Amino acid sequence: MLSSSDFASASWELVVHVDHPDIEEQKDITLRVSGDLHVGGVMLKLVEQINISQDWSDFALWWEQKHCWLLKTHWTLDKYGVQADAKLLFTPQHKMLRLRLPNVKTVRLRVSFSAVVFKAVSDICKTLNIRRSEELSLLKPSGDYFKKKKKKDKNNKEPITEDILNLECSPTVAGPPVSPGLYSKTMTPIYDPINGTPASSTMTWFSDSPLTEQNCSVLAFSQPPQSPEALADMYQPRSLVDKAKLNAGWLDSSRSLMEQGIQEDEQVLLRFKYYTFFDLNPKYDAVRINQLYEQARWAILLEEIDCTEEEMLIFAALQYHISKLSLSAEIQDFTNESEVDEVEAALSNLEVTLEGGKADNTLEDITDIPKLADNLRLFRPKKLMLKTFKQYWFVFKDTSIAYFKNKELEQGEPVEKLNLRGCEVVPDVNVAGRKFGIKLLIPVADGMNEVYLRCDHENQYARWMAACILASKGKTMADSSYQPEVLNILSFLRMKNRNSTSQVTSSLENMDMNPECFVSPRCAKKHKSKQLAARILEAHQNVAQMPLVEAKLRFIQAWQSLPEFGLTYYLVRFKGSKKDDILGVSYNRLIRIDAATGIPITTWRFTNMKQWNVNWEIRQVAIEFDQNVSIAFTCLSADCKIVHEYIGGYIFLSTRSKDQNETLDEDLFHKLTGGQD
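Conventions we followed
Residues numbered from 1 in each chain as written. Predicted model: local features only at pLDDT ≥ 70, side-chain atom pairs only at ≥ 80, totals over all residues. Heavy atoms only, no water. Helix = DSSP H or I, 4+ residues; strand = E, 2+ residues; numbered from the N terminus. Buried < 20%, exposed > 50% of the residue type's maximum accessible area, 1.4 Å probe, protein only. Contact = heavy atoms within 4.5 Å. Areas by Shrake-Rupley, 256 points an atom, 1.4 Å probe, with all protein chains shown as cover. Pairing = 2+ DSSP bridges. Axes fitted to C-alpha atoms, helices over the stretch in contact; angles between N-to-C directions. Salt bridge = Lys/Arg side-chain N within 4 Å of Asp/Glu carboxyl O. Core = buried A, V, L, I, M, F, W, Y, C linked by side-chain atoms within 4.5 Å. Domains from an automatic or database assignment.

Observations concerning the overall build of the chain
So, point 1. When its secondary structure is counted, the chain shows 19 helices and 24 strands.
So, point 2. Burial status across the chain gives 50% buried among its 677 residues.
So, point 3. The contacts in the chain between residues at least 6 apart in sequence include a share of 64% that link residues at least 24 apart.
So, point 4. Counting every atom, the chain has about 34,200 Å² of accessible surface; 50% of that belongs to carbon and sulfur.

Right, dumping it as structure tokens:
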């Protein structure tokens, strides 16, 4: 039997700070506990001593010195290692957070600070009605990110809070299953696929969700363009090294916000982190498509991604078109449109699917291997040599290009055979100058071989370019994505076509735009305002008939076709190297880039990757590829965990399929990205 003095020596005093809005002075409460008391028992004692009648289910204990939550309430204090010197905080798990969205709008909502970031982002996306939350994450910007914005507000006495969309009643708090708002896994269309407005049959759902009709339009419609002054204020010319520093702030998806030092009501960025946009569907994705369009738009305007002047004008024309349509779409009332019986529509779709429907093209024999054969011109850069193209007869089959001196020699040995699997494909096009080129960077043991092909016209270019893009991913022209890829390339080229007519002159007189709002500040400086407006209106004629959502999707497609699209940069030092390099991480490959010149040195495909791991002691990432190729590097511009998570995240996303019904294997994600630290 224990005496009372023995019991007293086995117990000790634990001080817990209570974070409660109703207690004027957030006070410390002293409890007498023993090491075998479980965490749930400590919380029960706390609540009894606080003596305020309320729902305490969202409160949990946070251990400040260890920087961790005590969420396993059945664990004892001894098992956690909590002793008398521990500083514990009894605080709500859900707190307010300000999220800067890709459209530069700030949303304030309640978010779990105890769940891992992967889960927190999933809850945020359900509230905002963004499907495929695994493509997004939270980015903590560098200290000076918001400073430029504040300069403008010095003379403005109105509070900045009017820019904040407050969703304080957001359903991301713990408790019973939440109302999904507009988030739906059913096949019922919830947006008008033409203009992106909520479908009339779902208007009534808004009453249960913080996403009212007005809030939804803020997220699903494009915001008015920024003034040229605001753009100039935000614009910073960036080298590859500068771009690498921007990516240092991604939060760790396997740890909670609180564990990563995020404070209540702090501002962080919600961004598309992984550039593989799965199953974009206008019927369900109006908010997702708009936020994606906005992220692409800002990347172009602030020159976070490079494009030619010709491409910049196409992006400007699409922005101008989208801003005009967005204004008119917000004014119109779409609730009186006729409704189609959804069950009947689904049944008829099923019937067409089962019967095979009417195919656009008659199916050819599936044993046929598609082949391209044509006269193209070729150039291989060599030192001190002029850029002269020589004509050959080219044959494209499977994932390889062979070329011969002429058509008659096709059955013999080729001059050379180029295997395009794993190569970089870069467009080299100037539509106005009738130049249709393809630049190929083909990986070899000691770097990259550079080859230029030149086509005669748009159609030839579209077919060969699409074949090269697919071959670089290890796919042949038999793949179902070949024809859509050809059509995408052709439609992008047609947008670049300049067809100057008298309409532009008349439009200029009735001009209702500030052209400098739609191009980067550097591009705006090169042209006079009227000249720039004329060129934008000229490009606009090619897109003037497009509906709103299609125009946004076309903008996203044009962004995806840029050579630098989807590359996230990090400054690294490769093992055995004496200088720093840039590592570009993409959805299907890693690229080593010369930090001084920006020229790719080597490419490694994920499909050839056998394994990768991290030595957490020396913070080094090591990767092993086929054919006994192995690389190792340390990260200089960010923690190696961020790069490790990027690689694992892209491999995880490649496992998605449409039959999954949007359920994700979260354990697999953490297994691929979590690491062992």
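Some details on the sheet that holds strand β10 (residues 267–272)
So, point 1. Spatial ordering of the open sheet is given by β8-β10-β6-β7-β9, a layout of five strands whose pairing is mixed. Pairing within the sheet leaves two strands with one partner each, and these edge strands are β8 (136–139) and β9 (164–167). Strand-to-strand twist in this sheet, taken as the mean axis angle between neighbours without regard to direction, amounts to 40°.
So, point 2. When strand β7 (residues 106–112) meets β9, the two strands line up parallel, connected through four bridges. Note on β9: the bridge partner recorded for Leu109 is Leu167.
So, point 3. Along the sheet, helix α4 (residues 117–128) makes contact with β6 (94–100), β7, β8, β9 and β10, crossing β8 at roughly 110°.

A look at the pattern of salt bridges
So, point 1. Throughout the structure, instances matching the rule amount to 32 salt bridges.
So, point 2. Between Glu13 and Arg32 there is a salt bridge; the shortest N-O distance is 4.0 Å. With Glu13 in strand β1 (residues 11–18) and Arg32 in strand β2 (residues 28–34), this pair connects stretches of sequence that are 19 residues apart.
So, point 3. When its relative accessible area of 47% is taken as the criterion, Glu13 is described as partly exposed.
So, point 4. For Lys579, the salt bridge identified is with Asp581, shortest N-O distance 3.3 Å.
So, point 5. Judged by relative accessible area, Lys579 falls into the partly exposed class, the value being 43%.
So, point 6. Asp581 gets classed as buried once you look at its relative accessible area, which sits at 1%.
So, point 7. Via salt bridges that share partners, Arg131, Arg132, Glu134, Glu135, Asp279, Asp285, Arg288 and Arg656 belong to a single interconnected network.

Some remarks on the nonpolar core
So, point 1. The biggest cluster of nonpolar side chains holds 108 residues, and the ones touching the most others in it are Trp559, Ile623 and Phe633.
So, point 2. Looking at which domains feed residues into this core, each of domain 1 (11–92) and domain 3 (568–674) supplies at least three.
So, point 3. Contact partners of Phe633, with chain neighbours within four places excluded, come to Val572, Arg573, Phe574, Lys575, Leu583, Arg619, Gln620, Val621, Ile623 and Val643.
So, point 4. Counting 37 residues, the second largest nonpolar core, distinct from the first, contains Leu372, Phe396, Phe436 and Ile438.

Examining the sheet that holds strand β18 (residues 568–574)
So, point 1. Strand order in the open sheet made by the seven strands is β21-β20-β19-β18-β24-β23-β22, with antiparallel pairing throughout. The open sheet has two edge strands, β21 (600–605) and β22 (609–615), and neither has a second partner. Pairs of neighbouring strands in the sheet enclose a mean axial angle of 30°, with direction left out of account.
So, point 2. Where β18 meets strand β24 (residues 629–635), three bridges bridge the pair, whose relative direction is antiparallel. Along β24, the bridge assignment pairs Phe574 with Phe633.
So, point 3. Relative to β22, helix α18 (residues 640–653) is tilted by about 155°, and along the sheet it contacts β18, β19 (581–585), β20 (589–593), β22, β23 (620–625) and β24.

With respect to the pairing of strand β3 (residues 59–63)
So, point 1. Among the five residues that make up β3, five are buried, leaving the element largely enclosed by the rest of the structure.
So, point 2. Of the two faces of β3, the one holding Phe59, Leu61 and Trp63 and the one holding Ala60 and Trp62 are both buried throughout.
So, point 3. Pairing of β3 with strand β5 (residues 88–92) involves five bridges; the strand directions are antiparallel. If you follow Leu61 over to β5, its bridge partner there is Phe90.
So, point 4. Note: β3 against strand β4 (residues 68–70), three bridges, orientation antiparallel. Residue pairing in the sheet places Leu61 in a bridge with Leu70 of β4.
So, point 5. Connecting the antiparallel pair β3 and β4 is a turn made up of four residues, with His67 showing a positive phi of about 55°.

Observations concerning the side chain of Glu266
So, point 1. Position of Glu266 among the secondary structure elements: in the loop between α8 (240–246) and β10.
So, point 2. Apart from residues no more than four positions distant in its own chain, Glu266 is found in contact with Leu97, Arg98, Lys140 and Gly261.

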